[in-house]
Amino acid sequence: MLFWNTRKKFAGTWEDRLDGLFSCGVDYAGKTILDVGCNMGIVAYEIAKHRPTYIHGIDILKPHIGVARSIFLGSGVESRFDAMNLGSRKLPSVLRDSYDVVLLLAVYQHVRRGLGQDKADRIFADIINRAQTVVSRVPKEKDTRLQSLIEGAGFSLSHRHQSPRGCTVQAYHRH
């Protein structure tokens, strides 16, 4: 018997998750990457083809992290994948002091819904302050809270990609 919830729709195909990431002016080669809400490592796997030096993925679901770890077993890219709630007090000790690129791909609204606006803002401000470049995907462009957090941390928008699928990918670089 399969335990599959047919009412729950998978939120995002490979194409959806990758849309705009490689046309947003970000060079992933030789960089350290943090993928927040990495799911099963699909994005990290594709970025690994561009030869970053390190990829760190975090997701709340342990089975997803297990898949991501399996995908990277034979990879030449150093990686780490952690199953963790972003509201965990352990998060700051798991993160590196800095990353070249932080990916925030359609994850902010989930954390905000689960932990509340103030706590989500504190968590994301800490993560953003560890980055030199932030790539974000926002499902609803009218929701500008994440963009405000990024810009408030000293970043400027360098590229914006509006997807025909309805999301917007934005790349920000530190001033």
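Here the structure is a predicted model, which means the values were calculated and not measured.

Draft legend 1. Molecular detail of the pairing of strand β7 (residues 168–174). Along β7, five of the seven residues are buried, which leaves the element largely enclosed by surrounding structure. In the sheet, strand β5 (residues 131–138) pairs with β7 via six bridges, with the strands oriented antiparallel. By the bridge assignment for β7, T133 is matched with H173. Bridge analysis of strand β6 (residues 155–162) against β7 gives seven bridges, and the strand direction is antiparallel. Its bridge partner being in β7, H159 is matched across the sheet by A171.

Draft legend 2. Summary view of the confidence of the model for the chain. Mean pLDDT for the chain: 89, with 89% of residues reaching 70 or above. Overall, residues 1–10 carries pLDDT values under 50, and its contacts beyond four positions in sequence, including any with other chains, amount to one contact.

Draft legend 3. Representation of unusual backbone geometry within the structure. Residue N39 is not a glycine yet carries a positive backbone phi of 60 degrees. Mapped onto the fold, N39 is located in the loop between β1 (32–36) and α2 (42–48). At A106, a position not held by glycine, the phi torsion is positive, near 55 degrees. Note on placement: A106 falls in the loop between β4 (99–105) and α5 (108–115).

Draft legend 4. Layout of the packing of aromatic side chains. Per the stated rule, a full pass over the model turns up three aromatic pairs. Where F72 meets F81, the ring centres are 5.1 Å apart and the plane angle is 50 degrees; that geometry is what we call tilted. Like F72, the residue F81 is buried in the burial classification. Between Y108 and F124 the ring centres are 5.1 Å apart and the planes differ by 85 degrees, which places this aromatic pair in the edge-to-face class. Linking Y108 in helix α5 with F124 in helix α6 (residues 117–128), this pair joins segments that are 16 residues apart in sequence. Take Y108 and F124: they sit in the same class, and that class is buried. Against the face of Y54 rests R96, its NZ or CZ located 3.6 Å from the ring centre.

Draft legend 5. The arrangement of the sheet that holds β1 in detail. Read from one edge of the open sheet, seven strands run β3-β2-β1-β4-β5-β7-β6, paired in mixed fashion. At either margin of the open sheet sits one strand with a lone partner, and together these are β3 (78–83) and β6. Strand-to-strand twist of the sheet, defined as the mean angle between neighbouring strand axes without regard to direction, takes the value 15 degrees. Here strand β2 (residues 54–59) runs beside β3; their pairing, made up of six bridges, is parallel. Of the residues in β3, the one forming a bridge with G57 is F81. Where helix α3 (residues 62–71) meets the sheet, its contacts fall on β2 and β3, and the angle it forms with β3 comes to roughly 170 degrees. Lying over the sheet, α6 contacts β1, β4, β5, β6 and β7, oriented at roughly 145 degrees with respect to β4.

Parameters and conventions
- Residues numbered from 1 in each chain as written.
- Predicted model: local features only at pLDDT ≥ 70, side-chain atom pairs only at ≥ 80, totals over all residues.
- Heavy atoms only, no water.
- Buried < 20%, exposed > 50% of the residue type's maximum accessible area, 1.4 Å probe, protein only.
- Helix = DSSP H or I, 4+ residues; strand = E, 2+ residues; numbered from the N terminus.
- Pairing = 2+ DSSP bridges.
- pLDDT = per-residue confidence, 0-100.
- Contact = heavy atoms within 4.5 Å.
- Phe/Tyr/Trp six-rings, centres within 6.5 Å; stacked < 30°, edge-to-face > 60°.
- Lys NZ or Arg CZ within 6 Å of the ring centre and 35° of its normal.
- Axes fitted to C-alpha atoms, helices over the stretch in contact; angles between N-to-C directions.

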